[in-house]
Amino acid sequence: MNIDFQKFIDEKAEIEAFLASPEAYASSDFAAKSRRLAEINTILDLHKDIEQSQQALLEAKALVDDPELGELARADIDELTQKIQAKSAELEEILLPHDPADDKPAIMEIRAGAGGDEASLFAGELYRMYVRYAENHHLKVELMSQNENEAGGMKEVVVRVSGEKPYGQLKFEGGVHRVQRVPVTESQGRIHTSTATVAVLPEASESDIEIKPDDLRIDIYRSGGHGGQGVNTTDSAVRITHLPTGIVVAMQDERSQQQNRIKAMTVLRSRLIEKQKQEEMKAASDARKSLIGSGDRSEKIRTYNFPQDRITDHRVHYSRSNVNAAMDGDIDDLIKELTVAERNLGENNAVKQ
């Protein structure tokens, strides 16, 4: 790779000077600058490690014909070559362009689709799958809203995921997830197909999108359903309607009306950003849509086939066994396949340009 690493050294010095200033902690750029500094340090450390390994490789090659040290040198050559390849691949991955939204918290909305109680049970299992995936990757999941049914499943659940590149890790999970299995309520042993929809949105801040107060209708009402002691005694639930688009967001899990309003506005902003993104996606190339999908909620993206113990992602034509492990959060390979597909597509587009 022909990379000018001096520019990273200069940028590092600039960020360190900013972070050392007294006003840095009060700046809205503090978190972003800190993350960027960590990324630059990783880049420079990898570059230094590769250079040192390359120098050691040259020294080892010079000793290959030495009668006493030749065998050790050949072993070192193999080890150093593998190390250089691995570190170079890691460095290349970091240096590739990334979606700026990848670092943002993700708003995940999971809803039961077709299939009645079985669909709601599946939606609940997807929710637990993502919670376990998050735990495995040191991500924090905050429950924002949930609507359970009597069967023990989820009609709808909304969560906020934060941590290291939460949206970047989960952004390809949006779409229709389909399950094929024999429901626990099926007495004849017949296989049923049910669905659940997942939406993954980068959390939008107030500065990301302007919402006019006149464009909102805010209704306050009494919370219902589960929620613990006192949930039905106050008018704390909030329903916000964005009049120009017709988007409706309701929150009732918090006892405080203000907390429900804040959560509702967070989700509303993210949905409005998603709507803009979907409109932009309509103009995207057919190749990208067929490869990684559009993220549209109506698009079937993955099938979980329990009788055949097979999970298939239809966008990258990738299948594997052990559905139960996937439902327990082991979906790293699926996310990796989609991430690689997006990266390869980006490289091909760059070549064409």
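In the block above lies the structure referred to throughout.
To start, this report covers the structure provided alongside it. (Residues numbered from 1 in each chain as written. Predicted model: local features only at pLDDT ≥ 70, side-chain atom pairs only at ≥ 80, totals over all residues. Heavy atoms only, no water.)

**Observations regarding the nonpolar core**
Here is step 1: Within the largest apolar cluster, 37 residues are counted, with the highest numbers of intra-cluster contacts made by Met108, Ile110, Leu126, Tyr130, Tyr304 and Ile331.
Here is step 2: Among the secondary structure elements, those contributing two or more residues to this core are β1 (106–112), α4 (116–136), β3 (154–162), α5 (166–170), β5 (192–202), α8 (323–327) and α9 (332–352).
Here is step 3: Sort the elements by how many residues they give to this core and α4 lands first, with nine residues.
Here is step 4: Once residues within four sequence positions are removed from consideration, Tyr130 is found in contact with Met108, Ile110, Leu170, Glu173, His177, Val198 and Ile331. (Core = buried A, V, L, I, M, F, W, Y, C linked by side-chain atoms within 4.5 Å. Buried < 20%, exposed > 50% of the residue type's maximum accessible area, 1.4 Å probe, protein only. Helix = DSSP H or I, 4+ residues; strand = E, 2+ residues; numbered from the N terminus. Contact = heavy atoms within 4.5 Å.)

**So, the packing of aromatic side chains**
Here is step 1: Overall, the coordinates contain three aromatic pairs when judged by the stated rule.
Here is step 2: With centroids separated by 4.8 Å and ring planes inclined at 35°, the aromatic side chains of Tyr25 and Phe30 adopt a geometry described as tilted.
Here is step 3: Overall, Tyr25 belongs to the exposed group, its relative accessible area being 64%.
Here is step 4: Between Phe122 and Tyr304, the ring centres sit 5.5 Å apart and the planes meet at 70°, which makes this aromatic pair edge-to-face. Residue Phe122 is found in helix α4, and its partner Tyr304 is found in strand β9 (residues 300–305); the two are separated by 182 residues along the sequence. As far as burial versus exposure is concerned, Phe122 and Tyr304 are alike and both buried.
Here is step 5: Taking NZ or CZ as reference, Arg181 lies 5.1 Å from the ring centre of Phe306, over its face. (Phe/Tyr/Trp six-rings, centres within 6.5 Å; stacked < 30°, edge-to-face > 60°. Lys NZ or Arg CZ within 6 Å of the ring centre and 35° of its normal.)

**A few points about helix α1 (residues 6–20)**
Given 3.6 residues to a turn, an α-helix orients residues that are three or four positions apart in the same direction.
Here is step 1: With 15 residues, α1 extends 21 Å between its outermost C-alpha atoms, agreeing within 8% with the 21 Å of an ideal straight helix rising 1.5 Å per residue.
Here is step 2: Here α1 has its buried residues at Phe8, Ile15 and Leu19. Taken down its axis, α1 places every buried residue within 40° of arc, on the same side. Turned more than 90 degrees off the buried face of α1, the exposed positions are Glu14, Ala17 and Ala20.
Here is step 3: Looking at the buried residues of α1, the elements they touch are α2 (30–61) and α3 (70–95). (Expected span 1.5 Å × (residues − 1). Arc of directions from axis to C-beta.)

**Remarks on empty space enclosed by the protein**
Here is step 1: This model, assessed by the stated rule, comprises one cavity of 30 Å³ or more.
Here is step 2: Looking at the largest cavity, its volume works out to about 40 Å³.
Here is step 3: If you trace the largest cavity, you find it lined by Met108, Ile110, Tyr127, Tyr130, Val131, Val141, Val159 and Val161.
Here is step 4: Considering every element that reaches the lining of the largest cavity, the biggest residue donor is α4, with three residues.
Here is step 5: Broken down by class, the residue content of the lining of the largest cavity amounts to eight nonpolar, no polar and no charged. (1 Å grid on protein atoms, 1.4 Å probe; cavity = no way out; pocket = protein on both sides within 12 Å on 5 of 7 lines; lining within 4 Å. Points joined across faces, edges and corners; volume = space filled by probe spheres on them. Nonpolar A, V, L, I, M, F, W, Y, C, P; charged D, E, K, R; others polar.)

**Quick word on a nonpolar patch on the surface**
Here is step 1: Residues Leu63, Leu69 and Leu72 make up a contiguous nonpolar surface patch of roughly 260 Å² in combined accessible area.
Here is step 2: Along the chain, Leu72 falls in helix α3.
Here is step 3: Accessibility expressed as a relative area gives 55% for Leu72, which makes it exposed. (Patch = residues over 30% accessible without salt bridge, like charges linked within 9 Å, V, L, I, M, F, W, Y side chains within 5 Å. Areas by Shrake-Rupley, 256 points an atom, 1.4 Å probe, with all protein chains shown as cover. Salt bridge = Lys/Arg side-chain N within 4 Å of Asp/Glu carboxyl O.)

**A word on unusual backbone geometry**
Here is step 1: Phi angles above zero are rare outside glycine, and Lys165 is one such case at about 50°.
Here is step 2: Locating Lys165 in the fold gives a position in the loop between β3 and α5.
Here is step 3: Backbone geometry places His317, a non-glycine residue, at a positive phi of 55°.
Here is step 4: Relative to the helices and strands, His317 resides in the loop between β10 (310–313) and β11 (318–320).

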